[in-house]
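The lines below spell out each chain.
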Amino acid sequence: MPVAMNRRRVNNFTYVSPCVKYMIFLLNFLFWLFGGLLVAAGTFAFYEKWNTMGSIKLNTFSDVILNISLVLIIAGQIIFIVSFAGCIGALRENTTLLKFYSLCLLIFFLLEMGIAIIGFVFPHNMQATLEESFTDKIIHTYRDDPDLQNLIDFAQKEFQCCGLSSEGYIDWSKNEYFNCTSPSVEKCGVPYSCCINATDISKGLVNVMCGYGAQDSSVAEASKRVWTSGCIEVIRIWAERNLYTIAGVALGVALSQLLIINLAKTLEGQIDLQKSRWAS
């Protein structure tokens, strides 16, 4: 009887840790759902934009990057595919899927590190050129892209800024609706999201005309009505003030990625040990 029990224990023994296996499965299942949600939201937004605008221009890389709904779809698909590989790879103990999963995570980690390093060592004049080109593109497409318009309005209200570059509120002269040569009633103006007091508190209404004629005023005069600093500079100052918090979050994300990669590689090793045990 004791011999039979010992044999049963040996046969039931496995090198694969259930804790590691189901931890990877659960984490990736949550990310899999999140990726699907991003794809669904992006697809809905893209469909609505298509119906509203009739056509969507995607001629250049910047057109794709600035198309928020398309970015959501692409990001969602990547998260969906990678997390699905991790989820099924852990559940079915499939080392091929786990290798693909850990490789993808490693690539993401290296890309993040590369972007961070480039951000520090990138020459200032090249940063300024890149900033100027994206500023022109974003300002020019305001009103033509509802999603981008909502994002810009949100950023200007939350960060209390106007425009993007160091020129601040004067950036809006590059937009066909706010240019001083425009036949529109908004000429020489800025969006209402630039206004210091755009909402009438007593009535709860937004004064969309509060930025009209702001570009005709000097900085001192305009600053009484609208925010005059560009958003990029304001966000840069905010980032410098919260550098330790941002660095802590970035370090936490990096360590979490490395931990998950280590768990995936650990599970791979355990599965290989179990397979070799079965083979012998």
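Under the annotation held in an unreviewed UniProt entry, the chain carries the name Tetraspanin and is attributed to Acyrthosiphon pisum. Database annotation for the chain, UniProt heading Sequence similarities (unreviewed entry): "Belongs to the tetraspanin (TM4SF) family."

K.L.:
Break down the UniProt feature "transmembrane region" (unreviewed entry) in the chain for me, with residues and values.
P.N.:
Taking the UniProt record as the reference, the feature "transmembrane region" (unreviewed entry) is found at residues 20-44, 64-88 and 100-122. Taken as a whole, residues 20-44 contains 100% helix and 0% strand, while its terminal C-alpha atoms sit 36 Å from one another. A distance of 31 Å separates the end C-alpha atoms of residues 64-88, which is 92% helix and 0% strand.

K.L.:
Give me the lowdown on the packing of aromatic side chains, citing residues and values where you can.
P.N.:
Applying the stated criterion across every chain yields a total of 10 aromatic pairs. When the ring of W32 is compared with that of F80, the centres are 5.4 Å apart and the planes differ by 35°; the resulting orientation is tilted. A residue pair is termed long-range when its members are at least 10 positions apart, and W32 in helix α2 (residues 18-53) and F80 in helix α4 (residues 68-91) qualify at 48 residues. Assessed through its relative accessible area of 26%, W32 is described here as partly exposed. On the numbers, 6.2 Å between centres and 50° between planes, the contact of Y142 with F178 is tilted. Placement of the pair is Y142 in the loop between α6 (124-141) and α7 (146-158) and F178 in the loop between α7 and β1 (199-200), with a sequence separation of 36 residues. Like Y142, the residue F178 is buried in the burial classification. Every member of this aromatic cluster is reached through a ring pair, and the members are F25, F29, W32, F80 and F84. We note R143 situated over the ring of Y177; from NZ or CZ to the ring centre the distance is 5.7 Å.

K.L.:
I'd like a rundown of the state of the cysteines, residues and numbers included.
P.N.:
One pass over the full model with this rule turns up four disulfides. C162 shares a disulfide with C194; S-S distance 2.1 Å. In this structure the cystine formed by C162 and C194 twists about its S-S bond by roughly 85°; its chirality is therefore right-handed. Residue C162 is located in the loop between α7 and β1, and its partner C194 is located in the loop between α7 and β1; the two are separated by 32 residues in the primary sequence. Looking at C162, the relative accessible area reads 0%, which means it is buried. Looking at C194, the relative accessible area reads 0%, which means it is buried. A disulfide bridge connects C180 with C188, and the sulfur atoms are separated by 1.8 Å. Here the S-S torsion is close to 135°, and the disulfide linking C180 with C188 is therefore right-handed. We classify C180 as partly exposed; its relative accessible area is 38%.

K.L.:
So what about the nonpolar core? Which residues, and what values?
P.N.:
I138, I152, C162, W172, V190, C194 and V226 are the most contacted members of the largest nonpolar core, which totals 22 residues. Those elements giving two or more residues to this core turn out to be α6, α7 and α9 (231-241). Grouped together as the second largest cluster of nonpolar side chains are eight residues, I24, L98, L267 and I271 included.

K.L.:
If you had to explain α2 to someone new, which residues and values would you point to?
P.N.:
The end-to-end C-alpha separation of α2 is 52 Å, in line with the 52 Å expected for 36 residues at 1.5 Å each. Buried residues of α2: V20, K21, I24, N28, G35, L38, G42 and K49, and no others.

Cut-offs applied
- Residues numbered from 1 in each chain as written.
- Predicted model: local features only at pLDDT ≥ 70, side-chain atom pairs only at ≥ 80, totals over all residues.
- Heavy atoms only, no water.
- UniProt positions renumbered as here; feature names shortened; annotations may be inferred.
- Helix = DSSP H or I, 4+ residues; strand = E, 2+ residues; numbered from the N terminus.
- Phe/Tyr/Trp six-rings, centres within 6.5 Å; stacked < 30°, edge-to-face > 60°.
- Buried < 20%, exposed > 50% of the residue type's maximum accessible area, 1.4 Å probe, protein only.
- Lys NZ or Arg CZ within 6 Å of the ring centre and 35° of its normal.
- Disulfide = S-S within 2.5 Å.
- Core = buried A, V, L, I, M, F, W, Y, C linked by side-chain atoms within 4.5 Å.
- Expected span 1.5 Å × (residues − 1).

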